[in-house]
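Here are the chains, one letter per residue:
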Amino acid sequence: QVQLVESGGGLVQAGGSLRLSCAASGRTFGSYAMGWFRQAPGKEREFVVAISWNGGDTSYADSVKGRFTISRDNAKNTVYLQMNSLKPEDTAVYYCAASRSGLVAGILRGYVDVWGQGTLVTVSS
């Protein structure tokens, strides 16, 4: 079972960019599908983006399409979320998630086996 640690959150002005990282421990990282979810104050956690075990498949929430990009480096046991053109409504705690299914569909169906602790992203207007 992997363990996940997010980093890269912070305060940024609207229109700016941030890159989140999620570092995983364990030798099986390369077999997991990975995803990012977020939870804004007073709201439920929502799906943001997912990537399959080999990076060959991705899925994005409509709200972030064209602005966010997920990628992974299995040699470094790390998944990244590049966030551009940030908006105040992107403000949330961002959580990294791992699914043993290895598939984007697994993340989308909620088959998350491991969660990170979250990193706060604040976008000021």
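Residues numbered from 1 in each chain as written. Predicted model: local features only at pLDDT ≥ 70, side-chain atom pairs only at ≥ 80, totals over all residues. Heavy atoms only, no water.

Observations regarding the overall build of the protein
Phase 1: Broken down by element type, the protein carries one helix and 11 strands.
Phase 2: Taken from N to C terminus, the helices and strands of the protein fall in the order β-β-β-β-β-β-β-β-β-α-β-β.
Phase 3: The C-alpha radius of gyration of the protein comes to 13 Å, within 12% of the 14 Å expected for a compact globule of 125 residues.
Phase 4: Across its three principal directions, the C-alpha atoms of the protein cover 40 × 25 × 25 Å.
Phase 5: In the protein, once contacts between residues fewer than 6 apart in sequence are set aside, the share between residues at least 24 apart is 60%.
Phase 6: Surface exposure of the protein reaches about 6200 Å², of which carbon and sulfur atoms provide 48%. (Helix = DSSP H or I, 4+ residues; strand = E, 2+ residues; numbered from the N terminus. Rg over C-alpha atoms; globule rule 2.2 N^0.38 Å. Contact = heavy atoms within 4.5 Å. Areas by Shrake-Rupley, 256 points an atom, 1.4 Å probe, with all protein chains shown as cover.)

Looking at the state of the cysteines
Phase 1: The tally for this structure, following the rule as stated, stands at one disulfide.
Phase 2: One disulfide in the model links Cys22 with Cys96; its S-S distance is 2.1 Å. One quick way to see it: the torsion about the S-S bond of Cys22 and Cys96 is about -85 degrees, and its sign makes the bridge left-handed. Separated by 74 residues along the polypeptide, Cys22 in strand 3 (residues 18-25) and Cys96 in strand 9 (residues 92-99) bring together distant segments of the chain. In this structure, Cys22 and Cys96 share a single accessibility class: buried. (Disulfide = S-S within 2.5 Å. Buried < 20%, exposed > 50% of the residue type's maximum accessible area, 1.4 Å probe, protein only.)

Observations regarding the packing of aromatic side chains
Phase 1: Across all of its chains, the model carries two aromatic pairs by this definition.
Phase 2: Aromatic pair Phe37 and Phe47: ring centres 5.7 Å apart, planes at 75 degrees, arrangement edge-to-face. Here the residue Phe37 occupies a position in strand 4 (residues 33-39), and Phe47 occupies one in strand 5 (residues 46-51), the gap between them amounting to 10 residues.
Phase 3: When the centroid spacing of 5.0 Å and the interplanar angle of 65 degrees are considered together, the rings of Phe37 and Trp115 count as edge-to-face. Of this pair, Phe37 sits in strand 4 while Trp115 sits in strand 10 (residues 114-115), and the two are 78 residues apart along the sequence.
Phase 4: In this structure Phe37 comes out as buried when scored by relative accessible area, which is 10%.
Phase 5: Overall, the relative accessible area of 36% leaves Trp115 in the partly exposed class.
Phase 6: The rings of Phe37, Phe47 and Trp115 are connected pair by pair, giving a single aromatic cluster. (Phe/Tyr/Trp six-rings, centres within 6.5 Å; stacked < 30°, edge-to-face > 60°.)

Things to note about the nonpolar core
Phase 1: If you look at the biggest cluster of nonpolar residues, it comprises 31 residues, and the most contacted ones within it are Leu4, Met34, Trp36, Met83 and Tyr94.
Phase 2: Listed by contribution, the elements that provide at least two residues to this core are strand 3, strand 4, strand 5, strand 7 (68-73), strand 8 (78-83), strand 9 and strand 11 (119-124).
Phase 3: The next biggest cluster of nonpolar side chains, apart from the first, holds seven residues, and it includes Phe37, Val104, Ile107 and Val112. (Core = buried A, V, L, I, M, F, W, Y, C linked by side-chain atoms within 4.5 Å.)

Observations concerning the pattern of salt bridges
Phase 1: Scanning all chains against the criterion turns up five salt bridges.
Phase 2: One salt bridge in this structure joins Glu46 and Arg38, with 2.6 Å as the shortest N-O distance.
Phase 3: For Glu46, a relative accessible area of 37% gives the class partly exposed.
Phase 4: What makes Arg38 buried here is its relative accessible area of 6%.
Phase 5: Measuring nitrogen to oxygen at the nearest pair gives 2.7 Å for the salt bridge that ties Arg67 to Asp90. Separated by 23 residues along the polypeptide, Arg67 in the loop between strand 6 (58-60) and strand 7 and Asp90 in the loop between strand 8 and strand 9 bring together distant segments of the chain.
Phase 6: Asp90 sits in the buried class, given a relative accessible area of 0%.
Phase 7: Through salt bridges with shared partners, one network takes in Arg38, Glu46, Arg67 and Asp90. (Salt bridge = Lys/Arg side-chain N within 4 Å of Asp/Glu carboxyl O.)

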